[in-house]
Amino acid sequence: SRLSNVKSLISKDPTTVRSHLKVWTMVTTLAIASLALALLPLLPLLEDFFVNGIFYEGVTLFTGMVDKNTHYRIFESYNGRYKNQPLSWVTIRRMVGEMF
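Calculation rules
- Residues numbered from 1 in each chain as written.
- Predicted model: local features only at pLDDT ≥ 70, side-chain atom pairs only at ≥ 80, totals over all residues.
- Heavy atoms only, no water.
- Helix = DSSP H or I, 4+ residues; strand = E, 2+ residues; numbered from the N terminus.
- Buried < 20%, exposed > 50% of the residue type's maximum accessible area, 1.4 Å probe, protein only.
- Contact = heavy atoms within 4.5 Å.
- Areas by Shrake-Rupley, 256 points an atom, 1.4 Å probe, with all protein chains shown as cover.
- Expected span 1.5 Å × (residues − 1).
- Core = buried A, V, L, I, M, F, W, Y, C linked by side-chain atoms within 4.5 Å.
- Axes fitted to C-alpha atoms, helices over the stretch in contact; angles between N-to-C directions.
- Left-handed = near helix turned anticlockwise from the far one by under 90°.
- Nonpolar A, V, L, I, M, F, W, Y, C, P; charged D, E, K, R; others polar.
- Patch = residues over 30% accessible without salt bridge, like charges linked within 9 Å, V, L, I, M, F, W, Y side chains within 5 Å.
- Salt bridge = Lys/Arg side-chain N within 4 Å of Asp/Glu carboxyl O.
- pLDDT = per-residue confidence, 0-100.

Draft legend 1. Expanded view of the overall build of the chain. Each helix and strand counted, the chain has 4 helices and 0 strands in total. For the chain, the sequential pattern of α-helices and β-strands runs α-α-α-α. With 100 residues in all, the chain has 18% of them scored as buried. For the chain, the proportion of contacts with a sequence separation of at least 24, taken over those separated by at least 6, is 33%. Carbon and sulfur atoms provide 64% of the accessible area of the chain, an area that totals close to 8,600 Å².

Right, here's the structure in full:
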């Protein structure tokens, strides 16, 4: 009797399995989207697309020039004849370091 009166005063939880599933799905989707946005620029396949703000300490020759074609032209003018072969940004940074 007393216990049943206390139970009736406690509000029932209106959430259902379906609403829990919706919330879980939204949270999971947002987490996956966030991880994708954070990790996609790190993939070597997409490194050219996400290059932004490359900076060489003390070298103003490359200011505002973040694409590989501009780097290739500068390497060609510096080294004379230059093979236009695909280079990674690690190799390009090393070549710039050797130039200066």
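Draft legend 2. Main features of helix H3 (residues 68-79). Helix length check: H3, at 12 residues, gives a terminal C-alpha distance of 16 Å against a target of 16 Å (1.5 Å per residue), a fit within 8%. Within the span of H3, buried status applies to Lys-68, Thr-70, His-71, Tyr-72, Ile-74 and Phe-75. Structurally, H3 contributes buried residues whose contacts are with helix H4 (89-99).

Draft legend 3. Representation of the nonpolar core in the model. Of all hydrophobic cores here, the largest spans 9 residues; its members are Tyr-72, Ile-74, Phe-75, Leu-87, Trp-89, Ile-92, Met-95, Val-96 and Met-99. At the level of secondary structure, the elements contributing two or more residues to this core comprise H3 and H4. Considering each element in turn, this core owes the most residues, 5 residues, to H4.

Draft legend 4. Broad picture of the packing of H3 against H4. Their axes nearest at 12 Å, the elements H3 and H4 cross at an angle of 35 degrees. Between H3 and H4 lies a crossing of left-handed hand. In contact with Lys-68, His-71, Ile-74, Phe-75, Tyr-78 and Asn-79 of H3, H4 contributes Trp-89, Ile-92, Met-95, Val-96 and Met-99. Its residues placed into classes, the contact of H3 with H4 shows 8 nonpolar, 2 polar and 1 charged.

Draft legend 5. Focus on a nonpolar patch on the surface. A contiguous nonpolar surface patch, about 560 Å² in accessible area, is contributed by Leu-40, Leu-43, Leu-45, Phe-49 and Phe-50. Locating Phe-50 in the fold gives a position in the loop between helix H2 (17-39) and H3.

Draft legend 6. Structural view of the confidence of the model for the chain. Residues of the chain with pLDDT of at least 70 account for 65%, and the chain-wide mean is 76. For the chain, per-element mean pLDDT is lowest for helix H1 (residues 2-9), which scores 62, and highest for H2, which scores 92.

Draft legend 7. Focus on the environment of Glu-47. Its location among the elements puts Glu-47 in the loop between H2 and H3. A relative accessible area of 24% places Glu-47 in the partly exposed class. Distance in space between the C-alpha atoms of Glu-47 and Trp-89 is 8.0 Å, their sequence separation being 42 residues. When near neighbours in sequence (up to four residues on either side) are disregarded, Glu-47 contacts Lys-68, Ser-88 and Trp-89.

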